[in-house]
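Close look at the chain arrangement
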Amino acid sequence: MENIYWQVLNTSNGTFKMFNAYYDTRRGEVIRILAFIDKVLPTVKTYCKFWYKDDVRPVFSPVYEYKTIWHEEWEYNSVGSQPHLVACVNPRLGAVPDSVTLVENKTDVVRNNLKIIYNLPKGPKKRFGVCVKDLDFMDDQTIQVIEWVEILSLLGADMFYIYVIKVHPNVMKTLKYYEKLGRVKVEMMTEPKNLPTKEQSIAQWLQNELISLNDCLYKHLYEFEFLVPLDIDEIIMPVREEDKTWRDLLDREIEKRRQDKTVLYSTYTVCNVFFLSDNNHQGEIQPEVPANFLFLQSIYRAQNFSVDGVGEKSFQNTEKVLAMHNHNAMFCFDTNICDWYLFEKSYAQLNHYRKGCENYPVDECEGFKKNTVKDVMLWRCKKDVIKNVKETLDGLSRFKINLRNL
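Rules used throughout
- Residues numbered from 1 in each chain as written.
- Predicted model: local features only at pLDDT ≥ 70, side-chain atom pairs only at ≥ 80, totals over all residues.
- Heavy atoms only, no water.
- Helix = DSSP H or I, 4+ residues; strand = E, 2+ residues; numbered from the N terminus.
- Rg over C-alpha atoms; globule rule 2.2 N^0.38 Å.
- Contact = heavy atoms within 4.5 Å.
- Areas by Shrake-Rupley, 256 points an atom, 1.4 Å probe, with all protein chains shown as cover.
- Buried < 20%, exposed > 50% of the residue type's maximum accessible area, 1.4 Å probe, protein only.
- Pairing = 2+ DSSP bridges.
- Polar contact = N/O pair within 3.5 Å; in protein donor to acceptor, adjacent residues only side chain to side chain.
- Disulfide = S-S within 2.5 Å.
- Axes fitted to C-alpha atoms, helices over the stretch in contact; angles between N-to-C directions.
- Patch = residues over 30% accessible without salt bridge, like charges linked within 9 Å, V, L, I, M, F, W, Y side chains within 5 Å.
- Salt bridge = Lys/Arg side-chain N within 4 Å of Asp/Glu carboxyl O.
- Phe/Tyr/Trp six-rings, centres within 6.5 Å; stacked < 30°, edge-to-face > 60°.
- Lys NZ or Arg CZ within 6 Å of the ring centre and 35° of its normal.

Take the overall build of the protein chain next. The secondary structure content of the protein chain amounts to six helices and 23 strands. Its C-alpha atoms give the protein chain a radius of gyration of 22 Å, near enough to 22 Å, the size a compact globule of 406 residues would have. C-alpha extents for the protein chain along the principal axes are approximately 70 × 55 × 45 Å. Long-range contacts, defined here as pairs at least 24 residues apart, represent 77% of the contacts in the protein chain between residues at least 6 apart. For the protein chain, the accessible surface area stands at approximately 18,500 Å², while carbon and sulfur atoms represent 50% of it.

Take a look at the structure:
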């Protein structure tokens, strides 16, 4: 065991660093282990050694797939470790294993053991769970987090799963307060040791976030119809006046598919548009909104959207997605390549609030800043957002959580 989050298997063909294991019944009965493997295409033969509550003797099942959570055309990470889903068939169909050990040889000494996660809902599936990858910052973004949670809740988010490496103490207090209310689940985590830094490998930096996103998928695939990977500076916004919520937005498209007697898409995707704080309206304050709010204060966006395929976010169908990515589903059942629906910009947009546009060409970024239009669609829920943020701050104070200067 490397630490409380990662368990290790050293083999003759690479090192496996395992995060969690899950019971997946969507196509048969499969146990999937989410892991980093320091080989691009591992060839070692390994076994899942299953432990059941009613039997002290383990049962073996060979690993039948190492699924790299990355597209080959994106170029594999040759200097670090690739994220993988390691899959074994459940050898005792109908009996959920309690835990699994990964070994190279059946006679090997047990050096790892992962509890198998199988979270069945107590009632029918909820509609939307939000997955937030690896928060890792120490500036105090408390008000932004509260405003963001309240806006997305009004739009239809049922639950937030927020993964944390480290955050400012005030942010953590706020997340824990929401957790007590049953609205947020905080998932603490670390990265494995000895991985390349961002400066050494951009691919590794991008691949690291796939652990938290796919952990979110496999922990909650039975509880929600859709999981939505979002950052805390992003809001999927319905555009049409009659679409008050995400449910309104999706139900129309889903109903079309049902009437056509075609299957639902794996992914429903929304195009990215920037609300940049350093645009040509920098420093303007809207008097109708508290000055320390980020999202409601930002009413000027770039006139042009990002090009299709860049920066977009999506609603990902838990019945069909095999591996999740930050933007769209990466792999899906049946076709492997995920089918997806792109919302027209007149129906939905991804509001992306930040300063500057890192990783964009300089000329394009300057165009986003200089050519802006007023966009107050978010103000439809302005009164409710302001009220709910105030109630949250009042609740924090009642719990004697001191957030000074907010």
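What follows deals with the pairing of strand S8 (residues 99-103). Regular strands place their side chains on alternate faces of the sheet. Most of S8 sits inside the fold, with five of its five residues counted as buried. Neither face of S8 is left uncovered, since the one carrying Ser99, Thr101 and Val103 and the one carrying Val100 and Leu102 both have all their residues buried. Inspection of the sheet shows strand S4 (residues 47-52) paired to S8 by five bridges, in the antiparallel sense. Paired with Phe50 across the strands is Val100, a residue of S8.

Glancing now at the side chain of Gln316. For Gln316, the location among the structural elements is in strand S18 (residues 313-317). A polar contact is formed between the side chain of Gln316 and the backbone oxygen of His325, at a distance of 3.2 Å. Each residue touching Gln316, except ones within four places of it in the same chain, is listed here: Glu225, Phe226, Leu227, Pro229, Ser266, Thr267, Val321, Met324, His325, His327, Asn328 and Ala329.

Attention now goes to the state of the cysteines. According to the stated counting rule, one finds four disulfides in the structure shown. Between the sulfur atoms of Cys332 and its disulfide partner Cys338 the distance amounts to 2.1 Å. On the sign convention where negative means left-handed, the S-S torsion of about 105° between Cys332 and Cys338 marks this disulfide as right-handed. In this pair, the class of Cys332 matches that of Cys338, namely buried. In the protein chain, numbering the disulfide-bonded cysteines from first to last in sequence yields the connectivity 1-2, 3-4, 5-6, 7-8. In this structure Cys271 is not part of a disulfide, and its nearest cysteine sulfur, from Cys357, lies 17 Å away.

Here we take up the sheet that holds strand S11 (residues 159-166). Here seven strands make up an open sheet; going across it, the order is S12-S11-S10-S13-S18-S15-S21 and the pairing mixed. Of all the strands in the sheet, just strand S12 (184-188) and strand S21 (340-342) have a single pairing partner and so form its edges. For this sheet, the mean inter-axis angle between neighbouring strands, taken without regard to orientation, is 20°. Pairing of strand S13 (residues 224-229) with S18 involves two bridges; the strand directions are antiparallel. Each bridged residue has a counterpart across the sheet, and for Leu227 the counterpart in S18 is Gln316. Set on the sheet, helix H2 (residues 169-180) makes contact with strand S10 (126-136), S11 and S12; between it and S12 the angle comes to about 130°. The strands touched by helix H4 (residues 246-259) are S10, S13, strand S15 (267-270), S18 and S21; relative to S10, the strand with the most contacts, the crossing angle is about 120°.

Ordered by their spatial adjacency, three strands build an open sheet running S14-S22-S16, and the pairing between neighbours is mixed. Each having just a single partner strand, strand S14 (234-238) and strand S16 (272-276) make up the two edges of the open sheet. Pairs of neighbouring strands in the sheet enclose a mean axial angle of 30°, with direction left out of account. Looking at chain direction, S16 and strand S22 (residues 348-354) are connected through five bridges and run parallel. In the sheet register, Leu276 faces S22, and the bridge partner there is Arg354.

Together, Tyr64, Val89 and Leu93 make up a nonpolar patch on the protein surface, roughly 320 Å² of accessible area in all. Here Leu93 lies in the loop between strand S7 (82-89) and S8.

Taking burial as the measure, the five residues of S16 include five buried ones, the bulk of the element. Burial along S16 is two-sided: Asn272, Phe274 and Leu276 and Val273 and Phe275, pointing in opposite directions, are all buried.

The next subject is the packing of aromatic side chains. In the structure shown here, the tally under the stated rule is 26 aromatic pairs. Relative to Trp74, the ring of Trp70 has its centre 4.9 Å away and its plane inclined at 80°; by these criteria the two rings are edge-to-face. A relative accessible area of 6% places Trp70 in the buried class. For Trp74, a relative accessible area of 37% puts it in the partly exposed group. Judged by centre distance (6.0 Å) and plane angle (50°), the ring pair of Tyr268 and Tyr341 falls under tilted. A residue pair is termed long-range when its members are at least 10 positions apart, and Tyr268 in strand S15 and Tyr341 in strand S21 qualify at 73 residues. Each of the two residues, Tyr268 as well as Tyr341, counts as buried. Positioned above the aromatic ring of Trp205, the side-chain terminus of Lys198 is 3.8 Å from the ring centre. Positioned over the ring face of Phe305 is Lys345, at 5.5 Å from the centre of the ring.

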